[in-house]
Amino acid sequence: MAGLGKEQQRTLHVLAYMMLRMGQQARAGRIYAALVALAPQDEPDRLALAGMAALAIEEGQGAKALEYLRTAMGGRVLSSRHAVLHLMKAQALWLEGRREEARASLDEYLFLAGGGKNA
């Protein structure tokens, strides 16, 4: 990350998450947006993008959340550790009225989280 060390980046992630959990969405959003902006173009800050997506979902803005998630999920195979991104995608798709796609994303979440497709 340009300009920030790993510890500084980690600290800002923790601070943004705490703000989000405390209901301070505007503050969390500013921190996440700064982390996204400071990330190199070829190496996006996926955790900050997921935070931005979470804020958009809370605000009922499914399309905006999907934009953030597209970048956060793009270009790599997701492990079970990243399963929550599929759950967030399902929520965003549901907000957009895209029920079948939401269900498919939910199934992917359940599969990656270890619950299997029929959970």
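About the cut-offs
Residues numbered from 1 in each chain as written. Predicted model: local features only at pLDDT ≥ 70, side-chain atom pairs only at ≥ 80, totals over all residues. Heavy atoms only, no water. Helix = DSSP H or I, 4+ residues; strand = E, 2+ residues; numbered from the N terminus. Buried < 20%, exposed > 50% of the residue type's maximum accessible area, 1.4 Å probe, protein only. Contact = heavy atoms within 4.5 Å. Areas by Shrake-Rupley, 256 points an atom, 1.4 Å probe, with all protein chains shown as cover. Core = buried A, V, L, I, M, F, W, Y, C linked by side-chain atoms within 4.5 Å. Salt bridge = Lys/Arg side-chain N within 4 Å of Asp/Glu carboxyl O. Patch = residues over 30% accessible without salt bridge, like charges linked within 9 Å, V, L, I, M, F, W, Y side chains within 5 Å. Phe/Tyr/Trp six-rings, centres within 6.5 Å; stacked < 30°, edge-to-face > 60°. Lys NZ or Arg CZ within 6 Å of the ring centre and 35° of its normal. Expected span 1.5 Å × (residues − 1).

A few points about the overall build of the protein
And then number 1: Helix and strand counts for the protein stand at six helices and zero strands.
And then number 2: Classification of the 119 residues of the protein by burial places 35% in the buried group.
And then number 3: If you take every contact in the protein between residues at least 6 apart in sequence, the share linking residues at least 24 apart comes to 44%.
And then number 4: Here the protein displays about 7,400 Å² of accessible surface, and carbon together with sulfur accounts for 54% of that area.

Focus: the nonpolar core
And then number 1: Y32, A53, A65, L69, L85 and M88 are the most contacted members of the largest nonpolar core, which has 26 residues in total.
And then number 2: Broken down by element, the residue count for this core peaks at eight residues, all from helix α3 (residues 46–58).

A word on the pattern of salt bridges
And then number 1: Counted under the stated rule, the structure contains three salt bridges.
And then number 2: Put simply, E101 and R98 hold a salt bridge, and the shortest N to O gap is 2.8 Å.
And then number 3: A relative accessible area of 35% means that R98 is categorised as partly exposed.
And then number 4: Where D107 meets R103, a salt bridge forms, and the shortest distance between an N and an O atom there is 3.3 Å.

Digging into a nonpolar patch on the surface
And then number 1: There is a patch of nonpolar side chains on the surface, built from V14, M18 and M22 and spanning about 300 Å² of accessible area.
And then number 2: With respect to the helices and strands, the residue M18 is situated in helix α1 (residues 6–21).

Let's talk about the packing of aromatic side chains
And then number 1: Under the definition given, this model contains zero aromatic pairs.
And then number 2: For R99, the ring lying beneath its charged end belongs to W94, and the centroid distance is 3.9 Å.

Digging into helix α6 (residues 99–112)
And then number 1: Its 14 residues place the ends of α6 20 Å apart at the C-alpha level, agreeing with the 20 Å of an ideal helix rising 1.5 Å per residue.
And then number 2: Along α6, the residues that are buried comprise A102, S105, D107, L110 and L112.
And then number 3: In this structure, the buried side of α6 is in contact with α5 (83–95).
And then number 4: Two residues or fewer after α6 comes G114, characterised by a positive phi angle close to 95 degrees.

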